[in-house]
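Here is how the chains run, residue by residue.
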Amino acid sequence: MADDDLTAAALDVPDLTVAVVAAAAAALGVPELTGAADLGGSSRSLVLRAWAGDRPVVIKAPLETGEGPVRELAALRTLAGVPGVPRLLATADHPPLVVLEDLGGGPSVADALLGADPAAAADAVADWAATLGTLQAATRGLRDRFAAELAAASPLGPPPVDTAPGTLAETADRLARQLPEVGVTPSAAALGELRAIADALSDPAAAALSPGDTCPDNNIRTANGYTLIDFEAAEFHHLAWEAAYLRVPWPSCWCAWTMPAEVADRALARWTAAVGPLPATFAADLERATAAWAFVTTAWYLPRIRAGGDTSDGRQPLRRAMLQHRLDLAATGTGPLADLAAETAAALRRTHGDHPLLPAPAFRQPSPGVRLDHRPPG
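Being a predicted model, the structure only gives us computed values, none of them experimental.

Peer 1: Which residues make up helix H11 (residues 319-330), and what are the values?
Peer 2: Between the first and last C-alpha of H11 there are 16 Å, a value that for 12 residues agrees with the 16 Å anticipated at 1.5 Å per step. Most of H11 is tucked away, with nine of its 12 residues classed as buried. Of all the residues in H11, the buried ones are Arg319, Arg320, Ala321, Met322, Leu323, Gln324, Arg326, Leu327 and Ala330. Residues of H11 that are buried make contact with helix H10 (282-306) and helix H12 (336-352).

In structure tokens:
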């Protein structure tokens, strides 16, 4: 595809939706698609539902350049036939888009976590974990296939199959610049330990394909259980990164409230049963991934916190609450990185106040005076 950098938003047409729907119809080999409706989603993609006769389909077209569309296409091709993944029906190059089966408008795990039924929320998290484990069990050993699909979709050069080494190196460099702003000087030993996590989590026998952004809202419950959606960050990496989503929890997500330990433990057991054998080092691997997520998200969120842009509408916690909770988890370990986590958590509390992270609303007992958004008084 010579025009891989072309996005739907770059088209010089009066009606973007018309162009995307026409391209999707051609890709499907049907005369037309009707009833196109915007499903919303993110600013990165235009997502539409349209009808091919009496069959609904979903069209997704990128609105910005980047790796996302390539990673998603490569993942969907690699995952063809795997349960819990939307079926890829067609693709187009001009504009670039994918056409997927329509999964309907079912609720997500995030809907359950933000609801009022703790049993339903616990079941949702466990079922999600089993779906993710099933997907990853089906892809263990498919690194070369995913790499080939990335290369086929990226004639100008594919993105890395595993982004962890680059992410952790970049995180260490950013923390070296950011943490002194809150009175913390990270030691070379701590930053070196952070970078080394990538090597520790490089066992190919413990790796699988991941959607990359397995947040509680990136799924839809159907009659057959949960189906995972959004593969724009897909990569092939160590299984501990996914297991840590239940421990951190939800590191890259907006609704990252905590969960009761028994809920996370049950979900992790369902995931483990589905994903298959794990290395003897997995408990230590999980601790490493949990600590890594704490520092990766610190590098993401600290600039916004420092700039005064850390707000909440009650459906999501403040980022400073997320970071304090995550750094406290990382501080339970030993060594320079754990020491840095404790020092950073203390600095955040000193400069931005103490903000405990509450459980997700479904697991929360109402209490007079509790503020959902953790905003400081005044």
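Peer 1: Which residues make up the environment of Glu149, and what values do they have?
Peer 2: Residue position: Glu149 is located in helix H5 (residues 143-152). On the basis of relative accessibility, which here comes to 19%, the residue Glu149 falls in the buried class. Residues Glu149 and Leu73, spaced 76 residues apart in sequence, show a C-alpha to C-alpha distance of 8.0 Å. With residues up to four places along the chain from it excluded, the contact list for Glu149 reads Ala74, Arg77 and Thr78.

Peer 1: Go over the pattern of salt bridges, please, and point to the residues and values.
Peer 2: Evaluated as defined, the whole model comprises 15 salt bridges. The partner of Arg266 in a salt bridge is Asp123, and the shortest N-O contact between them spans 2.9 Å. Remark: Asp123 occurs in helix H4 (residues 118-139) and Arg266 occurs in helix H9 (residues 261-275); sequence separation between them is 143 residues. Its relative accessible area of 35% is what places Asp123 among the partly exposed residues.

Peer 1: Pulling in residues and values, what's your account of the confidence of the model for the protein chain?
Peer 2: On average, the protein chain scores 91 in pLDDT, and the residues at 70 or more come to 92%. Within the model, the stretch residues 10-14 combines pLDDT values under 50 with four contacts to residues more than four positions away or in other chains.

Peer 1: Tell me about the packing of helix H2 (residues 68-78) against H5, residues and numbers included.
Peer 2: Interhelical geometry of H2 versus H5 gives an angle of 135 degrees and a closest axis separation of 8 Å. One finds that H2 runs oblique with respect to H5. The interaxial crossing formed by H2 with H5 has right-handed handedness. Every residue of H5 that contacts H2 at Val70, Arg71, Ala74, Ala75, Arg77 and Thr78 is listed here: Arg145, Phe146, Glu149 and Leu150. Taken together, the residues that form the contact of H2 with H5 break down as five nonpolar, one polar and four charged.

Peer 1: An account of unusual backbone geometry is needed here, citing residue identities and associated values.
Peer 2: In the segment running from His94 into Pro95, the intervening peptide bond is cis, with an omega of -5 degrees. Mapped onto the elements of the fold, Pro95 is located in the loop between strand E4 (88-93) and strand E5 (96-101). Omega for the peptide link from Val248 to Pro249 comes to -10 degrees, which places this bond in the cis form. Summarising the element assignment, Pro249 is placed in the loop between helix H8 (240-243) and H9. A positive phi is found at Asp230, a non-glycine position, where the angle reads about 70 degrees. With respect to the helices and strands, the residue Asp230 is situated in the loop between strand E8 (225-228) and strand E9 (235-238). A relative accessible area of 13% means that Asp230 is categorised as buried.

Peer 1: How would you sum up the environment of Val82? Please name residues and give values.
Peer 2: Its place among the elements puts Val82 in the loop between H2 and E4. Given a relative accessible area of 13%, Val82 falls into the buried group. Taking the C-alpha atoms as reference points, Val82 and Gln136, separated by 54 residues in sequence, lie 9.5 Å from one another. Dropping the residues within four chain positions of it, Val82 is found in contact with Leu135 and Ala138.

Peer 1: Give a description of the pairing of strand E3 (residues 55-62) that names residues and reports values.
Peer 2: Here E3 lies mainly inside the structure; six of its eight residues are buried. Two elements, strand E2 (residues 45-52) and E3, share eight bridges in a ladder whose sense is antiparallel. Paired with Leu46 across the strands is Ala61, a residue of E3. Sheet topology note: the E3/E5 ladder contains four bridges and is antiparallel. What sits directly across from Val58, in E5, is Leu100.

Conventions adopted
Residues numbered from 1 in each chain as written. Predicted model: local features only at pLDDT ≥ 70, side-chain atom pairs only at ≥ 80, totals over all residues. Heavy atoms only, no water. Helix = DSSP H or I, 4+ residues; strand = E, 2+ residues; numbered from the N terminus. Expected span 1.5 Å × (residues − 1). Buried < 20%, exposed > 50% of the residue type's maximum accessible area, 1.4 Å probe, protein only. Contact = heavy atoms within 4.5 Å. Salt bridge = Lys/Arg side-chain N within 4 Å of Asp/Glu carboxyl O. pLDDT = per-residue confidence, 0-100. Axes fitted to C-alpha atoms, helices over the stretch in contact; angles between N-to-C directions. Parallel < 35°, antiparallel > 145°, perpendicular 65-115°, else oblique. Left-handed = near helix turned anticlockwise from the far one by under 90°. Nonpolar A, V, L, I, M, F, W, Y, C, P; charged D, E, K, R; others polar. Pairing = 2+ DSSP bridges.

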